[in-house]
Number of protein chains: 2
Amino acid sequence: MTTDLLPVTDRTQVHRLRDRQVRDRAMLNEILDTGLVAHVALCLGGEPVLIPVAYARDGDRLLLHGSTGAGLLRAAAGGAPIAVAVTHIDGLVFAQSMFHSSMNYRSAVIFGTAQVLDGADRLAALHALSDHLMPGRWDEVRQPTARELTATLVLALPLDEASVKVRTGGPSEDGEEIGAWAGVLPLRLQTGEPILAVGISADVELPDSLLTLRRRLSTKRQPT
Amino acid sequence: MTTDLLPVTDRTQVHRLRDRQVRDRAMLNEILDTGLVAHVALCLGGEPVLIPVAYARDGDRLLLHGSTGAGLLRAAAGGAPIAVAVTHIDGLVFAQSMFHSSMNYRSAVIFGTAQVLDGADRLAALHALSDHLMPGRWDEVRQPTARELTATLVLALPLDEASVKVRTGGPSEDGEEIGAWAGVLPLRLQTGEPILAVGISADVELPDSLLTLRRRLSTKRQPT
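Residues numbered from 1 in each chain as written. Chains lettered and ligands numbered in written order. Predicted model: local features only at pLDDT ≥ 70, side-chain atom pairs only at ≥ 80, totals over all residues. Heavy atoms only, no water.

1. Brief notes about the confidence of the model for chain A
Residue and element names in this part refer to chain A.
- For chain A, the average pLDDT comes to 91, and 95% of its residues sit at 70 or higher.
- Looking at the elements of chain A, mean pLDDT is at its lowest for strand β1 (residues 21-22), recorded as 85, and at its highest for strand β4 (residues 55-58), recorded as 98.
- Of the two predicted TM-score estimates for the complex, the pTM is 0.93 and the ipTM is 0.93. (pLDDT = per-residue confidence, 0-100. Helix = DSSP H or I, 4+ residues; strand = E, 2+ residues; numbered from the N terminus.)

2. Describing the pairing of strand β9 (residues 152-158) of chain A
Residue and element names in this part refer to chain A.
- Taking burial as the measure, the seven residues of β9 include six buried ones, the bulk of the element.
- Inspection of the sheet shows strand β5 (residues 61-67) paired to β9 by seven bridges, in the antiparallel sense. Across the sheet, L64 pairs through a bridge with L155, a residue of β9.
- Two elements, strand β8 (residues 115-116) and β9, share two bridges in a ladder whose sense is antiparallel. Bridge assignment links V116 to a residue of β9, and that residue is L155. (Buried < 20%, exposed > 50% of the residue type's maximum accessible area, 1.4 Å probe, protein only. Pairing = 2+ DSSP bridges.)

3. So, the pairing of β5(A)
Residues and elements named next belong to chain A.
- Most of β5 sits inside the fold, with five of its seven residues counted as buried.
- As defined by bridge partners, β4 adjoins β5 across four bridges and the pair is classed as antiparallel. In the sheet register, Y55 faces β5, and the bridge partner there is L64.
- The hairpin formed by β4 and β5 contains two residues between the paired strands, and G59 there has a positive phi angle of roughly 65°.

4. Quick look at the state of the cysteines
- Counted according to the given criterion, the structure contains one disulfide over all chains.
- Put simply, C43(A) and C43(B) are joined by a disulfide, and their sulfur atoms are 2.2 Å apart. The sign of the -125° torsion about the S-S bond sets the C43(A)-C43(B) disulfide as left-handed. You can see C43(A) sitting in strand β2 (residues 38-44) and its partner C43(B) sitting in strand β2 (residues 38-44), one on each of two chains.
- Residue class for C43(B) comes out buried when judged on its relative accessible area of 13%. (Disulfide = S-S within 2.5 Å.)

5. Let's talk about the packing of aromatic side chains
Residue and element names in this part refer to chain A.
- The final tally for this structure, using the stated rule, is two aromatic pairs over all chains.
- Measuring from ring centre to ring centre gives 6.0 Å for F94 and W181, while their planes differ by 75°; the resulting arrangement is edge-to-face. Of the two residues, F94 sits in strand β6 (residues 82-94) while W181 sits in the loop between β10 (161-167) and β11 (183-191), which places them 87 residues apart along the sequence. Per residue, the accessibility class of F94 equals that of W181, and both read buried. (Phe/Tyr/Trp six-rings, centres within 6.5 Å; stacked < 30°, edge-to-face > 60°.)

6. Looking at the interface of chain A and chain B
- Opposite the 86 residues of chain A that make contact, chain B presents 86 residues.
- Taken together, the two surfaces of chain A and chain B that pack against each other cover about 7,000 Å², and 73% of this comes from carbon and sulfur.
- For the chain A face of the interface with chain B, the top three residues by lost area are L50(A), M98(A) and W181(A), together amounting to 11%.
- In this assembly, chain A and chain B are joined by two salt bridges. (Contact = heavy atoms within 4.5 Å. Buried area = accessible area lost by both parts, 1.4 Å probe. Salt bridge = Lys/Arg side-chain N within 4 Å of Asp/Glu carboxyl O.)

7. Some details on the relation of the copies chain A and chain B
- Here chain A sits on chain B after a turn of 180° about the axis and a move of 0.0 Å along it, with an RMSD of 0.0 Å. On this basis, the relationship between the two copies can be described by a two-fold rotation axis. Closest approach to the rotation axis among the C-alpha atoms of chain A is made by L189(A), whose C-alpha sits 2.2 Å away.
- Most of the interface of chain A is mirrored in chain B: 100% of its interface residues are interface residues there too. (Least-squares fit on C-alpha atoms with pLDDT ≥ 70 in both.)

8. Structural notes on helix α5 (residues 208-218) of chain B
- Within α5(B), the full set of buried residues consists of S209(B), L210(B), L213(B) and L217(B). The buried residues of α5(B) occupy an angular sector of 95° when projected down its axis, which confines them to one face. Of the residues in α5(B), the exposed ones pointing more than 90 degrees away from the buried face are D208(B) and R215(B).
- Contacts made by the buried residues of α5(B) are with β6 and β11 of chain A together with α3 (119-133) and β11 (183-191) of chain B. (Arc of directions from axis to C-beta.)

9. Looking at the pattern of salt bridges
- Following the criterion strictly, the structure yields 20 salt bridges over all chains and no others.
- For D4(A), the salt bridge is made with R25(A), and the minimal N-O distance between the two is 3.3 Å. Taken together, the positions of D4(A) in the segment before β1 and R25(A) in helix α1 (residues 25-34) put the pair 21 residues apart, joining distant regions of the chain.
- Here D4(A) falls in the partly exposed class, since its relative accessible area comes to 45%.
- One salt-bridge network, held together by shared partners, links R11(A), E161(A) and E47(B).

Here is the structure:
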(Lines give C-alpha, C1' and ligand atoms only; values in the text may rest on other atoms or scores of the structure.)
Protein backbone atom coordinates (compact mmCIF):
# COMPACT_ATOMS: atom_id res chain seq x y z
CA MET A 1 0.00 0.00 0.00
CA THR A 2 1.41 3.39 -0.91
CA THR A 3 0.98 6.33 1.41
CA ASP A 4 -1.34 8.95 -0.05
CA LEU A 5 0.54 12.23 0.37
CA LEU A 6 -0.74 15.73 -0.28
CA PRO A 7 1.42 17.65 -2.77
CA VAL A 8 3.32 20.67 -1.42
CA THR A 9 2.82 23.83 -3.46
CA ASP A 10 3.89 27.45 -2.97
CA ARG A 11 0.59 28.03 -1.22
CA THR A 12 0.56 24.96 0.99
CA GLN A 13 4.22 24.98 2.07
CA VAL A 14 4.34 25.88 5.75
CA HIS A 15 7.19 28.28 6.38
CA ARG A 16 7.11 28.49 10.16
CA LEU A 17 6.54 25.77 12.75
CA ARG A 18 7.02 23.29 9.93
CA ASP A 19 6.55 20.36 12.27
CA ARG A 20 2.84 21.25 12.34
CA GLN A 21 2.44 20.56 8.63
CA VAL A 22 0.77 17.23 7.87
CA ARG A 23 0.92 15.70 4.41
CA ASP A 24 -1.14 12.59 5.09
CA ARG A 25 -4.38 12.71 3.12
CA ALA A 26 -6.10 10.61 5.82
CA MET A 27 -5.73 13.55 8.24
CA LEU A 28 -7.27 15.92 5.69
CA ASN A 29 -10.20 13.54 5.33
CA GLU A 30 -10.65 13.21 9.09
CA ILE A 31 -10.63 16.99 9.60
CA LEU A 32 -13.24 17.44 6.88
CA ASP A 33 -15.41 14.50 7.94
CA THR A 34 -15.71 15.59 11.56
CA GLY A 35 -16.28 19.33 10.99
CA LEU A 36 -19.64 21.05 10.71
CA VAL A 37 -18.91 24.38 9.05
CA ALA A 38 -16.35 25.67 6.56
CA HIS A 39 -15.25 29.23 5.82
CA VAL A 40 -15.08 30.11 2.12
CA ALA A 41 -13.02 33.08 0.89
CA LEU A 42 -12.70 34.62 -2.53
CA CYS A 43 -11.62 37.90 -4.07
CA LEU A 44 -14.20 40.32 -5.48
CA GLY A 45 -12.75 43.42 -7.12
CA GLY A 46 -9.39 42.68 -5.52
CA GLU A 47 -10.77 42.55 -1.97
CA PRO A 48 -11.47 39.46 0.12
CA VAL A 49 -14.96 38.27 1.04
CA LEU A 50 -15.62 35.45 3.43
CA ILE A 51 -18.65 33.43 4.59
CA PRO A 52 -19.33 30.37 6.74
CA VAL A 53 -21.10 27.53 4.88
CA ALA A 54 -22.18 23.94 5.35
CA TYR A 55 -20.14 21.41 3.37
CA ALA A 56 -19.41 17.73 2.94
CA ARG A 57 -16.54 15.66 1.65
CA ASP A 58 -17.37 13.28 -1.17
CA GLY A 59 -14.30 11.19 -1.93
CA ASP A 60 -11.64 13.48 -3.36
CA ARG A 61 -13.79 16.57 -3.60
CA LEU A 62 -15.47 19.02 -1.27
CA LEU A 63 -19.16 19.83 -1.77
CA LEU A 64 -20.54 23.27 -0.92
CA HIS A 65 -24.07 24.56 -1.28
CA GLY A 66 -26.13 27.64 -0.75
CA SER A 67 -28.85 29.79 -2.25
CA THR A 68 -28.48 30.85 -5.87
CA GLY A 69 -28.99 34.32 -4.36
CA ALA A 70 -25.70 34.20 -2.41
CA GLY A 71 -23.24 36.51 -4.16
CA LEU A 72 -20.06 34.82 -2.98
CA LEU A 73 -21.18 31.37 -4.12
CA ARG A 74 -22.34 32.78 -7.46
CA ALA A 75 -18.87 34.24 -7.99
CA ALA A 76 -17.35 30.86 -7.09
CA ALA A 77 -19.74 29.21 -9.57
CA GLY A 78 -18.47 31.67 -12.18
CA GLY A 79 -14.94 30.32 -11.80
CA ALA A 80 -13.38 32.64 -9.21
CA PRO A 81 -10.61 30.82 -7.26
CA ILE A 82 -11.64 30.02 -3.70
CA ALA A 83 -9.98 29.06 -0.43
CA VAL A 84 -11.95 26.92 2.03
CA ALA A 85 -10.96 26.38 5.67
CA VAL A 86 -12.21 23.81 8.18
CA THR A 87 -10.78 24.23 11.68
CA HIS A 88 -11.16 22.24 14.89
CA ILE A 89 -10.09 23.78 18.18
CA ASP A 90 -9.11 20.85 20.37
CA GLY A 91 -7.72 22.61 23.41
CA LEU A 92 -6.05 25.60 24.98
CA VAL A 93 -2.40 25.14 25.88
CA PHE A 94 -1.40 26.90 29.11
CA ALA A 95 2.38 27.40 29.15
CA GLN A 96 4.42 29.28 31.75
CA SER A 97 4.81 32.20 29.34
CA MET A 98 2.23 33.71 26.99
CA PHE A 99 4.68 33.35 24.11
CA HIS A 100 4.61 29.55 24.43
CA SER A 101 0.90 29.39 25.22
CA SER A 102 -1.05 28.11 22.28
CA MET A 103 -4.06 26.23 21.00
CA ASN A 104 -4.28 22.62 19.97
CA TYR A 105 -6.02 22.50 16.63
CA ARG A 106 -6.46 20.63 13.38
CA SER A 107 -6.98 22.83 10.35
CA ALA A 108 -7.28 22.29 6.62
CA VAL A 109 -7.28 25.00 3.95
CA ILE A 110 -8.14 23.92 0.41
CA PHE A 111 -7.37 26.01 -2.68
CA GLY A 112 -8.93 25.69 -6.09
CA THR A 113 -11.74 26.44 -8.47
CA ALA A 114 -15.18 24.90 -7.97
CA GLN A 115 -17.54 23.41 -10.53
CA VAL A 116 -21.31 23.76 -10.53
CA LEU A 117 -23.22 20.48 -10.22
CA ASP A 118 -26.56 20.04 -11.97
CA GLY A 119 -29.24 17.41 -12.50
CA ALA A 120 -28.56 14.00 -10.97
CA ASP A 121 -25.12 15.17 -9.80
CA ARG A 122 -26.72 18.01 -7.86
CA LEU A 123 -29.26 15.68 -6.28
CA ALA A 124 -26.57 13.18 -5.24
CA ALA A 125 -24.44 16.02 -3.82
CA LEU A 126 -27.37 17.36 -1.79
CA HIS A 127 -27.88 13.86 -0.40
CA ALA A 128 -24.18 13.75 0.58
CA LEU A 129 -24.41 17.23 2.15
CA SER A 130 -27.45 16.10 4.11
CA ASP A 131 -25.68 12.94 5.29
CA HIS A 132 -22.68 14.90 6.50
CA LEU A 133 -24.65 17.00 9.00
CA MET A 134 -27.60 14.69 9.63
CA PRO A 135 -26.63 11.10 8.72
CA GLY A 136 -29.62 9.30 7.17
CA ARG A 137 -31.95 12.30 7.44
CA TRP A 138 -32.56 12.29 3.67
CA ASP A 139 -34.84 9.25 3.99
CA GLU A 140 -36.65 10.58 7.08
CA VAL A 141 -37.99 13.74 5.41
CA ARG A 142 -39.87 14.65 2.27
CA GLN A 143 -37.85 14.79 -0.94
CA PRO A 144 -36.82 18.11 -2.51
CA THR A 145 -39.16 19.73 -5.02
CA ALA A 146 -38.02 20.87 -8.46
CA ARG A 147 -38.34 24.47 -7.26
CA GLU A 148 -36.17 23.85 -4.22
CA LEU A 149 -33.53 22.17 -6.37
CA THR A 150 -33.26 25.06 -8.81
CA ALA A 151 -33.00 27.51 -5.90
CA THR A 152 -29.94 25.68 -4.60
CA LEU A 153 -26.44 26.23 -5.93
CA VAL A 154 -24.20 23.19 -5.45
CA LEU A 155 -20.44 23.36 -6.02
CA ALA A 156 -17.69 20.74 -6.06
CA LEU A 157 -14.08 21.66 -5.27
CA PRO A 158 -11.34 19.09 -5.98
CA LEU A 159 -9.19 18.24 -2.95
CA ASP A 160 -6.02 18.62 -5.01
CA GLU A 161 -4.27 21.42 -3.11
CA ALA A 162 -4.64 21.52 0.66
CA SER A 163 -2.64 22.84 3.58
CA VAL A 164 -3.15 20.70 6.69
CA LYS A 165 -1.79 21.73 10.07
CA VAL A 166 -2.10 19.98 13.41
CA ARG A 167 -0.90 20.88 16.88
CA THR A 168 -1.32 18.38 19.72
CA GLY A 169 0.17 17.86 23.16
CA GLY A 170 1.24 20.05 26.04
CA PRO A 171 3.28 23.27 26.16
CA SER A 172 6.67 23.18 24.46
CA GLU A 173 8.75 25.42 26.62
CA ASP A 174 12.44 26.07 26.66
CA GLY A 175 12.76 24.88 30.23
CA GLU A 176 11.20 27.93 31.85
CA GLU A 177 9.89 27.04 35.25
CA ILE A 178 8.15 29.56 37.43
CA GLY A 179 6.03 27.07 39.29
CA ALA A 180 2.76 28.01 37.61
CA TRP A 181 0.28 25.37 36.51
CA ALA A 182 0.80 24.34 32.90
CA GLY A 183 -1.11 21.94 30.73
CA VAL A 184 -4.01 21.65 28.33
CA LEU A 185 -7.69 22.49 28.72
CA PRO A 186 -9.42 20.20 26.17
CA LEU A 187 -12.29 21.68 24.14
CA ARG A 188 -14.90 19.96 22.03
CA LEU A 189 -18.26 20.60 20.49
CA GLN A 190 -20.99 18.89 22.47
CA THR A 191 -24.70 18.44 21.99
CA GLY A 192 -27.38 19.63 24.39
CA GLU A 193 -30.90 18.32 24.97
CA PRO A 194 -32.94 18.23 21.72
CA ILE A 195 -35.66 20.91 21.56
CA LEU A 196 -38.95 19.82 19.97
CA ALA A 197 -40.37 22.11 17.26
CA VAL A 198 -43.72 23.82 17.74
CA GLY A 199 -46.51 21.62 16.37
CA ILE A 200 -44.67 18.30 16.70
CA SER A 201 -46.04 15.78 19.19
CA ALA A 202 -43.78 14.87 22.09
CA ASP A 203 -44.68 11.25 21.31
CA VAL A 204 -42.63 11.33 18.11
CA GLU A 205 -39.37 9.54 18.81
CA LEU A 206 -35.98 11.16 18.22
CA PRO A 207 -34.88 10.28 14.67
CA ASP A 208 -31.95 7.97 13.91
CA SER A 209 -30.19 10.84 12.12
CA LEU A 210 -30.07 12.90 15.32
CA LEU A 211 -29.01 9.94 17.44
CA THR A 212 -26.25 9.05 14.95
CA LEU A 213 -24.93 12.59 14.85
CA ARG A 214 -25.01 12.86 18.64
CA ARG A 215 -23.07 9.60 18.93
CA ARG A 216 -20.55 10.78 16.36
CA LEU A 217 -19.94 14.06 18.20
CA SER A 218 -19.56 12.30 21.54
CA THR A 219 -16.97 9.84 20.23
CA LYS A 220 -13.54 10.71 21.47
CA ARG A 221 -11.40 11.86 18.60
CA GLN A 222 -7.76 12.09 19.44
CA PRO A 223 -5.67 12.95 22.46
CA THR A 224 -4.93 16.63 22.99
CA MET B 1 -29.05 56.59 25.11
CA THR B 2 -28.84 56.17 21.35
CA THR B 3 -28.81 52.73 19.76
CA ASP B 4 -25.42 51.93 18.32
CA LEU B 5 -26.13 50.65 14.80
CA LEU B 6 -23.67 49.13 12.36
CA PRO B 7 -23.61 50.96 9.02
CA VAL B 8 -24.86 49.02 5.99
CA THR B 9 -22.45 49.06 3.04
CA ASP B 10 -22.42 47.28 -0.31
CA ARG B 11 -20.43 44.52 1.32
CA THR B 12 -22.46 44.15 4.48
CA GLN B 13 -25.95 44.39 2.97
CA VAL B 14 -27.58 40.97 3.23
CA HIS B 15 -29.44 40.21 0.01
CA ARG B 16 -31.13 36.96 0.96
CA LEU B 17 -32.80 35.93 4.21
CA ARG B 18 -32.61 39.58 5.22
CA ASP B 19 -34.28 38.88 8.53
CA ARG B 20 -31.04 37.24 9.66
CA GLN B 21 -29.11 40.49 9.36
CA VAL B 22 -28.43 42.17 12.70
CA ARG B 23 -27.34 45.79 12.91
CA ASP B 24 -26.97 46.04 16.66
CA ARG B 25 -23.34 46.57 17.60
CA ALA B 26 -23.94 44.81 20.93
CA MET B 27 -24.50 41.55 19.03
CA LEU B 28 -21.24 42.04 17.10
CA ASN B 29 -19.45 42.54 20.40
CA GLU B 30 -21.03 39.45 21.96
CA ILE B 31 -20.10 37.26 18.99
CA LEU B 32 -16.51 38.47 19.12
CA ASP B 33 -16.20 38.30 22.91
CA THR B 34 -17.40 34.69 23.17
CA GLY B 35 -15.47 33.23 20.22
CA LEU B 36 -12.05 31.60 20.37
CA VAL B 37 -10.79 31.62 16.80
CA ALA B 38 -11.23 33.87 13.77
CA HIS B 39 -10.63 33.15 10.09
CA VAL B 40 -8.69 35.84 8.24
CA ALA B 41 -8.82 36.10 4.44
CA LEU B 42 -6.91 38.29 2.04
CA CYS B 43 -6.00 38.35 -1.64
CA LEU B 44 -2.46 37.57 -2.76
CA GLY B 45 -1.84 37.91 -6.47
CA GLY B 46 -5.59 38.00 -7.07
CA GLU B 47 -6.26 34.71 -5.28
CA PRO B 48 -7.69 34.23 -1.79
CA VAL B 49 -5.69 32.92 1.15
CA LEU B 50 -7.21 32.07 4.48
CA ILE B 51 -5.96 31.11 7.96
CA PRO B 52 -7.42 30.57 11.43
CA VAL B 53 -5.98 32.88 14.10
CA ALA B 54 -6.45 33.85 17.72
CA TYR B 55 -7.93 37.30 18.23
CA ALA B 56 -9.47 39.64 20.80
CA ARG B 57 -11.83 42.58 20.73
CA ASP B 58 -10.50 45.76 22.30
CA GLY B 59 -13.31 48.32 22.29
CA ASP B 60 -14.04 49.26 18.70
CA ARG B 61 -11.19 47.33 17.14
CA LEU B 62 -10.20 43.73 16.61
CA LEU B 63 -6.71 42.62 17.61
CA LEU B 64 -4.90 39.85 15.70
CA HIS B 65 -1.47 38.43 16.25
CA GLY B 66 0.92 35.89 14.88
CA SER B 67 4.53 35.27 14.04
CA THR B 68 6.36 37.86 11.96
CA GLY B 69 7.11 34.82 9.76
CA ALA B 70 3.47 34.30 8.81
CA GLY B 71 3.03 35.42 5.19
CA LEU B 72 -0.65 36.25 5.37
CA LEU B 73 -0.26 38.45 8.45
CA ARG B 74 2.76 40.18 6.89
CA ALA B 75 0.66 41.02 3.84
CA ALA B 76 -2.09 42.35 6.14
CA ALA B 77 0.55 44.41 7.95
CA GLY B 78 1.59 45.82 4.57
CA GLY B 79 -1.89 47.25 4.06
CA ALA B 80 -3.73 44.51 2.11
CA PRO B 81 -7.49 44.65 2.81
CA ILE B 82 -8.66 41.75 4.97
CA ALA B 83 -11.91 40.05 5.89
CA VAL B 84 -12.20 38.40 9.30
CA ALA B 85 -14.96 35.97 10.30
CA VAL B 86 -15.98 34.71 13.74
CA THR B 87 -18.72 32.08 13.67
CA HIS B 88 -20.62 30.26 16.41
CA ILE B 89 -22.61 27.16 15.54
CA ASP B 90 -25.41 27.04 18.12
CA GLY B 91 -27.46 24.13 16.84
CA LEU B 92 -28.66 21.96 13.99
CA VAL B 93 -32.22 22.59 12.86
CA PHE B 94 -34.06 19.42 11.84
CA ALA B 95 -36.99 20.36 9.58
CA GLN B 96 -39.34 17.97 7.76
CA SER B 97 -37.55 18.69 4.48
CA MET B 98 -33.83 19.10 3.84
CA PHE B 99 -34.53 22.43 2.12
CA HIS B 100 -35.80 23.92 5.37
CA SER B 101 -33.24 22.18 7.54
CA SER B 102 -30.61 24.61 8.72
CA MET B 103 -28.12 25.61 11.38
CA ASN B 104 -28.58 28.06 14.17
CA TYR B 105 -25.56 30.31 14.16
CA ARG B 106 -24.18 33.74 15.00
CA SER B 107 -21.60 35.06 12.58
CA ALA B 108 -19.68 38.27 12.13
CA VAL B 109 -17.51 39.20 9.15
CA ILE B 110 -15.42 42.35 9.45
CA PHE B 111 -13.89 44.14 6.48
CA GLY B 112 -11.05 46.63 6.54
CA THR B 113 -7.35 47.34 6.63
CA ALA B 114 -5.30 46.57 9.72
CA GLN B 115 -2.60 48.63 11.37
CA VAL B 116 0.58 47.30 12.94
CA LEU B 117 0.95 48.00 16.66
CA ASP B 118 4.36 48.59 18.19
CA GLY B 119 5.99 49.42 21.51
CA ALA B 120 3.61 49.96 24.41
CA ASP B 121 0.60 49.54 22.10
CA ARG B 122 1.83 46.11 21.10
CA LEU B 123 2.40 45.10 24.71
CA ALA B 124 -1.09 46.26 25.73
CA ALA B 125 -2.62 44.43 22.76
CA LEU B 126 -0.81 41.20 23.67
CA HIS B 127 -2.17 41.56 27.19
CA ALA B 128 -5.70 41.94 25.75
CA LEU B 129 -5.19 38.95 23.44
CA SER B 130 -4.04 36.91 26.41
CA ASP B 131 -7.05 37.98 28.49
CA HIS B 132 -9.46 37.00 25.73
CA LEU B 133 -8.43 33.33 25.68
CA MET B 134 -7.06 32.98 29.22
CA PRO B 135 -8.52 35.72 31.43
CA GLY B 136 -5.92 36.90 33.94
CA ARG B 137 -3.20 34.54 32.69
CA TRP B 138 -0.85 37.46 31.94
CA ASP B 139 -0.15 37.90 35.65
CA GLU B 140 0.24 34.15 36.31
CA VAL B 141 3.15 33.63 33.91
CA ARG B 142 6.50 35.21 33.18
CA GLN B 143 6.48 38.41 31.16
CA PRO B 144 7.45 38.46 27.47
CA THR B 145 11.11 39.03 26.59
CA ALA B 146 12.22 41.70 24.13
CA ARG B 147 13.04 38.93 21.66
CA GLU B 148 9.57 37.38 21.96
CA LEU B 149 7.96 40.78 21.43
CA THR B 150 9.85 41.52 18.24
CA ALA B 151 8.99 38.04 16.89
CA THR B 152 5.28 38.80 17.28
CA LEU B 153 3.27 40.73 14.73
CA VAL B 154 0.25 42.47 16.27
CA LEU B 155 -2.46 44.05 14.13
CA ALA B 156 -5.51 46.17 14.92
CA LEU B 157 -8.54 46.21 12.61
CA PRO B 158 -11.22 48.88 13.19
CA LEU B 159 -14.72 47.45 13.70
CA ASP B 160 -16.16 49.98 11.23
CA GLU B 161 -17.63 47.66 8.61
CA ALA B 162 -19.15 44.38 9.78
CA SER B 163 -21.79 41.98 8.54
CA VAL B 164 -23.58 40.27 11.43
CA LYS B 165 -26.02 37.41 10.88
CA VAL B 166 -27.96 35.39 13.41
CA ARG B 167 -30.36 32.48 13.08
CA THR B 168 -32.19 31.21 16.15
CA GLY B 169 -35.25 29.08 16.82
CA GLY B 170 -36.85 26.02 15.31
CA PRO B 171 -37.55 25.04 11.70
CA SER B 172 -39.48 27.57 9.61
CA GLU B 173 -41.55 25.39 7.36
CA ASP B 174 -44.38 26.21 5.06
CA GLY B 175 -46.74 23.94 6.92
CA GLU B 176 -45.31 20.68 5.62
CA GLU B 177 -46.19 17.89 7.95
CA ILE B 178 -45.08 14.37 7.32
CA GLY B 179 -45.05 13.30 10.94
CA ALA B 180 -41.26 13.22 11.28
CA TRP B 181 -39.54 14.59 14.37
CA ALA B 182 -38.53 18.19 13.93
CA GLY B 183 -36.65 20.52 16.23
CA VAL B 184 -33.20 21.71 17.21
CA LEU B 185 -30.14 19.83 18.44
CA PRO B 186 -28.21 22.47 20.43
CA LEU B 187 -24.42 22.54 20.06
CA ARG B 188 -21.80 24.26 22.15
CA LEU B 189 -18.11 24.19 22.84
CA GLN B 190 -17.41 22.50 26.15
CA THR B 191 -14.31 21.93 28.22
CA GLY B 192 -12.94 18.55 29.24
CA GLU B 193 -10.75 17.59 32.19
CA PRO B 194 -7.53 19.66 32.35
CA ILE B 195 -4.39 17.67 31.43
CA LEU B 196 -1.30 18.47 33.50
CA ALA B 197 1.91 19.17 31.54
CA VAL B 198 4.93 16.92 31.92
CA GLY B 199 7.18 18.21 34.71
CA ILE B 200 4.48 20.08 36.65
CA SER B 201 3.59 18.78 40.08
CA ALA B 202 0.04 17.52 40.56
CA ASP B 203 0.01 19.61 43.75
CA VAL B 204 -0.07 22.86 41.77
CA GLU B 205 -3.64 24.15 41.84
CA LEU B 206 -5.57 24.93 38.67
CA PRO B 207 -5.01 28.62 37.86
CA ASP B 208 -7.75 31.25 38.11
CA SER B 209 -7.40 31.93 34.37
CA LEU B 210 -8.41 28.35 33.51
CA LEU B 211 -11.24 28.35 36.04
CA THR B 212 -12.56 31.68 34.71
CA LEU B 213 -12.46 30.51 31.11
CA ARG B 214 -14.16 27.23 31.99
CA ARG B 215 -16.89 29.13 33.82
CA ARG B 216 -17.34 31.49 30.87
CA LEU B 217 -17.69 28.62 28.39
CA SER B 218 -20.19 26.82 30.61
CA THR B 219 -22.41 29.90 31.02
CA LYS B 220 -25.54 29.53 28.94
CA ARG B 221 -25.48 32.03 26.14
CA GLN B 222 -28.76 32.38 24.40
CA PRO B 223 -31.69 30.13 23.53
CA THR B 224 -31.40 28.19 20.30
